Amino acid sequence: MNKRACITLTCLFILSLVPLTRLYGQRTFRVMSYNVENLFDCEDDPIKDDQSFLPDGILRWTKGRYYQKLQQIAKVITAAGEWQTPALVGLCEVENDSTIIHLLNKTPLRQQDYRYCMTNSPDNRGIDVALLYQRDQFAYIEHQSIRIKFRKHPDKRSRDILRVSGKILSGDTLDVLVCHFPSRSGGEKATEADRMDAARMLRNTCDSLLLNRKNPQFIIMGDFNDTPSDKSIIHGIKTMSYPSDTTSAHSLYNLFSHSEQLAKPGSHKYQGEWAQLDQIIVTGTLLDSRNPMHLIPGSNRLFTPQFLFKTDKTYHGTRPFRTYYGYKYEGGYSDHLPLLVDFSLPLAP
């Protein structure tokens, strides 16, 4: 055997020891969840209670303020992406398609080629949830708007759950669910049953998907109006804490179950108290490093750039820099902080 053939065989042997993902490289698949706080347009919807967000409404919601709000949201999404905007962005509290179309076409996000899906819920105020996705990283298959049935309050109208399915670069199907559970308005205990109903509906949807997916990969995100230790999350959705000593492919793990490990003790501040009302939950498959798509440990975090905060003169410390503080226009971003999670995904060969 000549010297050249020997070198060739040696190189082939070394390459055989290197995993294919190392050869083809990895890319970061970033996911963002953000309650943007009342993204309303300035048009009157006669069948919805949106009068406060009109130019002659109590909040004096003008086109100038509306377009400023769009620019603020786009700034947050762009900043959160660093070198590349997130592959998926779940949004809560968006009024209608017009607001999303304006967000994607009248701000710097128009350069990012996002597409979107959203619900058309019966919510009294007309607010919905939406998912922005980048087509080169998430190839849309289908979506579904899931209506919640409330046992204690059968006439209650709230936000639907959005389910979007798509293909990722590994060729697997990824199911994304965006939620905005019923609020605590009227009292935490008095409204707890409604959030339990929403949680059971979400869990039933996941159970149906688990029966039909060979390699179940779910990302569930949004504003749950409950903390990771509340009944709707633990007993309704049946989440497990993360990190966990053992993981099961078909179990659901709350990546924000330990707020004490985050940059702030919560994603929302109310009357001086922080609470982790926003969460991202995943199937155990996405925690398994052997899975083509898997969580990058330590990447589950709150997005906390300084520009999202304002001095809290009433309760001290800082608070989220809001669009409105009560009836006072501040021109900020939202009363919630965004959540970010990164997954590793192999590049296609």
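Here's a quick rundown of the structure. Starting from 1, residues in each chain are numbered consecutively following that chain's sequence as written. Side-chain atom pairs in this predicted model are given and counted only at pLDDT of 80 or more, local residue features only at pLDDT of at least 70, and totals for whole chains, interfaces and linings cover all residues. As a rule here, side-chain values cover all heavy atoms of the structure and leave hydrogens and water aside.

**Section: the nonpolar core**
Let me state the cut-off plainly: Within this scheme, the nonpolar core is defined by two criteria: the residues are buried Ala, Val, Leu, Ile, Met, Phe, Trp, Tyr or Cys, and they are joined through side-chain atoms within 4.5 Å. To sort residues, take the accessible area from a 1.4 Å probe on protein chains only and compare it with the maximum for the residue type: under 20% means buried, over 50% means exposed, and anything in between is partly exposed. Runs of E in the DSSP output that reach at least two residues are strands. Runs of H or I that reach at least four are helices, and both are numbered from the N terminus. The contact definition used throughout considers only heavy atoms, calling two residues in contact when any of these lie within 4.5 Å.
Within the largest apolar cluster, 71 residues are counted, with the highest numbers of intra-cluster contacts made by F29, L174 and F343. Broken down by element, the residue count for this core peaks at seven residues, all from helix 3 (residues 63–81). Once residues lying within four places of it in the same chain are set aside, the contact partners of F29 are A87, L88, Q137, I168, L174, M293, V341, D342, F343 and L345. In this structure, L177, F218, I233 and I237 belong to the second largest nonpolar core, which totals 20 residues.

**Some remarks on the state of the cysteines**
Counted only if it meets this: Put simply, a disulfide is two cysteine sulfurs that come within 2.5 Å.
Following the criterion strictly, the structure yields zero disulfides and no others. Free of any disulfide, C92 has its nearest neighbouring cysteine sulfur in C179, separated by 7.9 Å. The buried category is assigned to C92, whose relative accessible area is 1%. Looking at the unpaired C117, the closest cysteine sulfur is the one in C179, lying at 15 Å. Take C117: its relative accessible area is 5%, and that puts it in the buried class.

**Concerning the pattern of salt bridges**
Rule in force here: For this analysis, a salt bridge means a side-chain nitrogen from Lys or Arg found within 4 Å of a carboxyl oxygen belonging to Asp or Glu.
Per the counting criterion, the structure on display carries 25 salt bridges. One salt bridge connects R115 with D113, and the closest N-O pair in it is separated by 2.9 Å. When its relative accessible area of 39% is taken as the criterion, D113 is described as partly exposed. The closest approach of N and O atoms between R184 and D230, which form a salt bridge, is 3.0 Å. A residue pair is termed long-range when its members are at least 10 positions apart, and R184 in the loop between strand 7 (173–180) and helix 5 (192–212) and D230 in the loop between strand 8 (218–223) and helix 6 (231–236) qualify at 46 residues. With a relative accessible area of 26%, R184 lands in the partly exposed category. Linked by salt bridges that have partners in common, R184, E188, R195, D226 and D230 make up one network.

**Thoughts on the environment of T191**
So the rule is basically this: Here a polar contact is recorded for every N or O atom pair within 3.5 Å, except that within protein the pair must consist of a potential hydrogen donor and a potential acceptor, and residues adjacent in sequence are included only if both atoms are side-chain atoms.
For T191, the location among the structural elements is in the loop between strand 7 and helix 5. Residue classification places T191 among the buried positions, given a relative accessible area of 9%. On a C-alpha basis, the gap between T191 and T311 in space is 31 Å, while along the polypeptide they are 120 residues apart. When neighbours within four sequence positions are excluded, T191 is seen to be in contact with S183, R184 and S185. At 3.3 Å, the side chain of T191 and the backbone oxygen of E188 are in polar contact.

**Here's the deal with the environment of K214**
Tracing the sequence through the fold places K214 in the loop between helix 5 and strand 8. Under the relative-accessibility criterion, K214 is labelled exposed at 90%. Considering only alpha carbons, one finds K214 and L132, 82 residues apart in sequence, at a separation of 25 Å.

**Brief notes about the packing of aromatic side chains**
What counts, and what does not: When the centres of two rings from Phe, Tyr and Trp lie within 6.5 Å, Trp using its six-membered ring, the rings pair. Their planes under 30 degrees apart give stacked, over 60 give edge-to-face, and anything left gives tilted. Placement of a charge over a ring requires the Lys NZ or Arg CZ to be within 6 Å of the ring centre, with the centre-to-atom vector within 35 degrees of the ring normal.
Considering all chains together, one arrives at 11 aromatic pairs under this definition. Arranged with centres 6.4 Å apart and planes meeting at 85 degrees, the rings of F53 and Y324 form a pair that is edge-to-face. With F53 in the loop between strand 1 (26–39) and helix 3 and Y324 in strand 18 (residues 324–325), this pair connects stretches of sequence that are 271 residues apart. Each ring, one from Y324 and one from Y329, has its centre 5.4 Å from the other, and the planes form 65 degrees; the classification is edge-to-face. Residue Y329 is classed as partly exposed on the basis of its relative accessible area of 27%. Looking at K75, its charged tip hangs above the ring of F307, at a distance of 4.3 Å from the centre.

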